[in-house]
Amino acid sequence: MDAPRRYAKSHEWARPEDDGTVTVGISAYAVEALTDLVFMQLPEVGAAVTAGESFGEIESVKAVSDLYAPVSGEVVAANTDLPNGLETLGEDPYGKGWIIRIQPSDPGQLDALLDQAAYDALVGSQPH
Amino acid sequence: MSRLQPPGGLLVWRDQAAPGPDNMAADEILAGAARQRGDALVRLYGWEPGTVSLGGFQAIADAERLPDLAGWPIVRRPSGGGAIVHGTDITYCLALPGTHPWARRAEDLYAAVHSALVDELRARGVAASLVDAATAARVPAADFFCFNRRAFGDVVIAAPDPGLPAGGWKVLGSAQRRLAGVIMQHGSLLVRRHPLMRGSGSHPGLADLVGVVGDDSAGLVAGWLERLAVRLDGPLGEMSGPSWASFEADYQRRAAKYAGDAWRRRR
């Protein structure tokens, strides 16, 4: 069974894996809000990312959005199928729609993220 | 920045014309201020020299192979959308805190800004409207130039012209950059056709089409923003620009990024 996901307020999710890495994606809420995705820029494997800072960008029909790293570390994998199949983000945001995998420099940063209940509360309070 | 009005509504920074990198740097500073203050802020400005701005993901090679753009300064915006020929337009950058009700869906902010302009134009007797979904669906979305595209909610006007394109002549298009805690929306209100542009990047503006704003673009914009402030449930106020003594280093750093090839040629 997968470990529980944690969430950043900027709507990225992070899931710790058995091998010590952290898989990162964006929430179904974020995908729904973006709509009509047309382009995505991923970081290179080996790139350093910093918690709270942009690691990539995604463009919908007329909006560009930054993707923010939920934890610091090194990118050890990127879902290179995704830019050519952005519909996967909407179909399976927590599975095949994963974006990058990070080897965290400080796994304790996961504790600073929101748990599911807190994220649900955040989303529930967002303007509709 | 100094505030001349209490919070709420919309604060306007009427800036002078500037080169592309300086304009993009100023817009980033505006976005930071909106996030920090929790206010809706809008900056109005021009471009000197005339400049072509690219959408954030457009390939610069596509601009460089267009003969009509030879010799034009090119800057890449942080926002999406298509290329715009600046110099005879009024550009706006609206920065809205991420907590604002209009911030959740891109369409909501477009609709608020664009419908306010449509109302102002109609009040002045201009047959303005928003592009509907059916029209947007039948016009190719990937044209290089913003003003050749017809996205849902773009502002168009009908004009008695045999060359009238699908949905009418587009006079306002906008594009967004959604950052953590703040939404930055760029838009270009085309006042008149640029005299130095030829080919597919040449588009008529309001003054060419209906003449209504030829000598009153300031009045039109004032009316537009008043209507937008009403939708924001607050007053329309004026704000000054940054205090350069405190922002100069940040501004220069940001402008250098937009002038440099790492950003300009990233695609």
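Reading guide: rules and limits
Along every chain, residues carry numbers that run from 1 in the direction the sequence is written. Labels are handed out in written order, letters beginning with A for the chains and numbers beginning with 1 for the ligands. The predicted nature of this model means local features are confined to residues of pLDDT at least 70 and side-chain atom pairs, given and counted, to a pLDDT of 80 or more, with totals for whole chains, interfaces and linings taken over all residues. Only DSSP runs of H or I covering at least 4 residues are called helices, and only runs of E covering at least 2 are called strands; the numbering of each starts at the N terminus. Only the C-alpha atoms count toward the radius of gyration. The rule for a globule is 2.2 Å times the residue count to the power 0.38. Residue burial is a threshold on neighbouring C-beta atoms within 10 Å of the residue's own C-beta, all placed from the backbone, with 20 or more meaning buried, 12 or fewer meaning exposed, and counts in between meaning partly exposed. We call two residues in contact if the C-beta atoms placed from their backbones are at most 7 Å apart. Two strands are counted as paired when DSSP detects at least two bridges linking them. To obtain an axis, a line is fitted to C-alpha atoms, over the contacting stretch when the element is a helix, and the angle between two such axes runs from 0 to 180 degrees between their N-to-C directions. Oblique is the label for any angle not under 35 degrees, not over 145, and not in the 65 to 115 range, which are roughly parallel, roughly antiparallel and roughly perpendicular in turn. In this scheme, a crossing is called left-handed if the near helix is turned counterclockwise away from the far one by less than a right angle; it is called right-handed if the turn is clockwise. Charged residues are taken to be Asp, Glu, Lys and Arg, nonpolar residues to be Ala, Val, Leu, Ile, Met, Phe, Trp, Tyr, Cys and Pro, and polar residues to be all remaining types, Gly included. By this rule the span expected of a helix is its residue count minus one, scaled by 1.5 Å. We call a set of buried Ala, Val, Leu, Ile, Met, Phe, Trp, Tyr and Cys residues a nonpolar core when their C-beta atoms link them within 7 Å.

(A) Summary view of the overall build of chain A. Of regular secondary structure, chain A possesses three helices and nine strands. The linear arrangement of helices and strands in chain A, starting from the amino end, is β-β-β-α-β-β-β-β-β-α-β-α. For a compact globule of 128 residues, the expected C-alpha radius of gyration is about 14 Å, and chain A comes in at 14 Å, within 12% of that figure. Seen along its three principal axes, the alpha-carbon backbone of chain A occupies a region of about 35 × 35 × 30 Å. The buried share of chain A, reckoned over its 128 residues, is 40%.

(B) Expanded view of the overall build of chain B. If you tally the helices and strands in chain B, you get eight helices and 11 strands. By the compact-globule yardstick of 18 Å for 267 residues, chain B fits well, its C-alpha radius of gyration being 17 Å. With the C-alpha coordinates of chain B rotated into their principal frame, the extents come out at 50 × 45 × 35 Å. Counting only residues that meet the buried cut, chain B has 47% of its 267 residues in that class. Partitioning the intrachain contacts of chain B with sequence separation of at least 6 by distance along the chain shows that 69% fall at a separation of at least 24.

(C) Focus on the sheet that holds strand 1 (residues 6–7) of chain A. Sheet architecture is open: six strands sit in the order 1-2-3-9-8-5 (chain A), paired in antiparallel fashion. In the strand order of this sheet, the two ends are held by strand 1 and strand 5 (48–49) of chain A, each with one partner.

(D) Geometry of the sheet that holds strand 3 (residues 51–54) of chain B. Residue and element names in this part refer to chain B. If you walk across this open sheet you meet the three strands as 4-3-5, and the pairing is mixed. Of all strands in the sheet, those with a lone pairing partner are strand 4 (74–76) and strand 5 (84–86), marking the two edges. Across the sheet, the axes of successive neighbouring strands diverge by a mean angle of 30°, strand direction being ignored. The sheet contact formed by strand 3 and strand 4 spans three bridges and is parallel. From the neighbouring strand, valine 52 faces strand 4, where its bridge partner is isoleucine 74.

(E) The arrangement of unusual backbone geometry in detail. Note the cis peptide between B:Glu48 and B:Pro49, where omega equals 5°. At A:His11, a position not held by glycine, the phi torsion is positive, near 80°. Among the structural elements, A:His11 can be located in the loop between strand 1 and strand 2 (12–16). Looking at A:His11, the number of C-beta atoms within 10 Å reads 23, which means it is buried. With phi around 60°, B:Asp233 is a residue other than glycine that occupies positive phi space. In this fold, B:Asp233 is placed in the loop between helix 6 (217–231) and strand 11 (236–238).

(F) A look at the packing of helix 3 (residues 106–123) of chain B against helix 6 of chain B. Residue and element names in this part refer to chain B. Running from N to C, helix 3 and helix 6 point in directions that differ by 130°, and their axes come no closer than 8 Å. Relative to helix 6, the element helix 3 lies oblique. Relative to helix 6, the crossing made by helix 3 is right-handed. Here Ala112, Val113, Ala116, Leu117, Asp119 and Glu120 of helix 3 come into contact with helix 6, specifically with Leu220, Gly223, Trp224, Arg227, Leu228 and Arg231. Its residues assigned to classes, the contact of helix 3 with helix 6 comprises seven nonpolar, one polar and four charged.

(G) Seen up close, helix 1 (residues 20–37) of chain B. Residues and elements named next belong to chain B. The end-to-end C-alpha separation of helix 1 is 26 Å, in line with the 26 Å expected for 18 residues at 1.5 Å each. Extensive coverage of helix 1 is indicated by the burial of 15 of its 18 residues. Taken from the residues just after helix 1, glycine 38 is the one with a positive phi, measuring 75°.

(H) Quick look at the nonpolar core. The biggest cluster of nonpolar side chains holds 74 residues, and the ones touching the most others in it are B:Leu10, B:Leu30, B:Ala34, B:Leu41, B:Ala95, B:Leu96 and B:Val171. Among all residues touching B:Leu30, those that are not within four sequence positions of it are B:Trp13, B:Leu41, B:Arg43, B:Cys93 and B:Ala95. In this structure, A:Trp13, A:Leu37, A:Ala78 and A:Tyr119 belong to the second largest nonpolar core, which totals 30 residues.

(I) Molecular detail of the interface of chain B and chain A. Taken residue by residue, the interface counts 20 residues in chain B and 15 residues in chain A. Considering each element in turn, the side of chain B that touches chain A owes the most residues, five residues, to strand 9 (residues 169–179) of chain B. For the side of chain B that touches chain A, the class distribution of residues is 10 nonpolar, six polar and four charged. Sheet topology note: the strand 7 (residues 63–68) of chain A/strand 9 of chain B ladder contains three bridges and is parallel. Paired with A:Ser65 across the bridge in strand 9 of chain B is B:Arg178.

(J) Structural detail: the environment of A:Val49. All names here are of chain A. Its location among the elements puts valine 49 in strand 5. C-alpha separation for the pair valine 49 and isoleucine 102, spaced 53 residues apart in sequence, amounts to 8.3 Å. Those residues within four positions of valine 49 in sequence are excluded, and the remaining contacts are Pro43, Phe55, Ala69, Ser72, Gly73, Val75 and Ile102.

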